Amino acid sequence: VALKLLVKETGICFTPMVLESMAYPFISCSLDGFSDDRKVIAEIKCPNKDTHEMAVNGSIPVYYNIQIQHQLFVSGAEYCLYFSYRPEDKIRPTALVRIERNTILMKEILEKEIDIWHRLIRGDLPIPIIIRKS
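Residues numbered from 1 in each chain as written. Predicted model: local features only at pLDDT ≥ 70, side-chain atom pairs only at ≥ 80, totals over all residues. Heavy atoms only, no water.

One finds Ile-41, Ile-60, Ile-68, Leu-72, Tyr-82 and Ile-99 to be the most contacted residues of the largest nonpolar core, which totals 21 residues. Counting only elements with at least two residues in this core, the list comes to β2 (28–35), α3 (62–75), β4 (79–85), β5 (94–100) and α4 (103–122). With 4 residues, the top contributor of residues to this core is α3. Once residues within four sequence positions are removed from consideration, Ile-41 is found in contact with Phe-14, Leu-31, Gly-33, Phe-34, Ile-68, Gln-71, Leu-72, Ser-75, Ala-77, Tyr-79, Cys-80 and Leu-81. Ranked by size, the runner-up nonpolar core spans 10 residues in total, among them Leu-6, Ala-42, Ile-44 and Leu-81. (Core = buried A, V, L, I, M, F, W, Y, C linked by side-chain atoms within 4.5 Å. Buried < 20%, exposed > 50% of the residue type's maximum accessible area, 1.4 Å probe, protein only. Helix = DSSP H or I, 4+ residues; strand = E, 2+ residues; numbered from the N terminus. Contact = heavy atoms within 4.5 Å.)

Right, let's get into unusual backbone geometry. Backbone geometry at Arg-38 places phi at a positive 60°, although glycine is not the residue there. Since its relative accessible area comes to 39%, Arg-38 is described here as partly exposed.

Below, the discussion takes up the pairing of strand β3 (residues 40–45). Counting buried residues along β3, 6 of its 6 residues qualify, which places the element largely inside the surrounding structure. On β3, burial covers both faces: Val-40, Ala-42 and Ile-44 on one face and Ile-41, Glu-43 and Lys-45 on the other are all buried. Across 2 bridges, the pairing between β2 and β3 is antiparallel. For Gly-33, the partnering residue across the bridge sits in β3 and is Ala-42. In this structure, the hairpin formed by β2 and β3 is closed by a connection of 4 residues, where Arg-38 is found at a positive phi of approximately 60°. (Pairing = 2+ DSSP bridges.)

Further remarks concern the side chain of Arg-86. Mapped onto the elements of the fold, Arg-86 is located in the loop between β4 and β5. Separated by 2.9 Å, the side chain of Arg-86 and the backbone oxygen of Pro-47 make a polar contact. Setting aside chain neighbours within four positions, we find Arg-86 in contact with Pro-47, Asn-48, Lys-49, His-52 and Pro-93. (Polar contact = N/O pair within 3.5 Å; in protein donor to acceptor, adjacent residues only side chain to side chain.)

By the secondary structure assignment, Ala-2 is in helix α1 (residues 2–10). Using a relative accessible area of 10% as the deciding quantity, one classes Ala-2 as buried. Taking the C-alpha atoms as reference points, Ala-2 and Lys-39, separated by 37 residues in sequence, lie 20 Å from one another.

On to helix α2 (residues 49–56). Among the residues making up α2, those that are buried are Thr-51, His-52 and Ala-55. Along the long axis of α2, the arc covered by the buried residues comes to 100°, so they all point the same way. Structural note: α2 exposes Lys-49 and Asp-50 on the side pointing more than 90 degrees away from its buried face. Elements that come into contact with the buried residues of α2 comprise α3, β4 and β5. The backbone nitrogen of Asp-50 lies 3.2 Å from a side-chain oxygen of the residue at the head of α2, namely Asn-48. Of the residues one or two after α2, Gly-58 is the one with positive phi, at around 90°. (Arc of directions from axis to C-beta.)

Pasting the structure below:
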């Protein structure tokens with residue numbers, strides 16, 4: 001439903017797909033949509049009220065920006081259209097925010113992903129702490 005609304009609002013045809021980085025095959029992403037000309041990716045969220053309100057006001061949470069920058073790196077797209085869909089909001093059920101590439105943040109994300117991959121290969125990731133409620 002949300003993807004169809006996004007296509008209707010923007011006039012851009014998006015196809016969902018999973019991509020793998022050519023330079024770093026261990027880095028991949030799942031896209032809610034990739035435009036036919038491969039210039040635009042779509043990230044669709046059906047968020048809570050506060051997060052939707054952020055999008056209505058033209059911003060997104062930091063954690064979604066990190067996800068989107070990762071997707072922009074892997075896809076090579078020029079920008080992302082973040083689409084917030086909240087049908088419960090009768091006044092403004094959709095919001096669209098254009099997210100540009102941030103090469104500085106991409107570099108930081110890539111460095112951390114490579115570090116985690118090397119740690120995984122070496123087997124030196126920290127042991128997770130599991131807290132069980134009794």
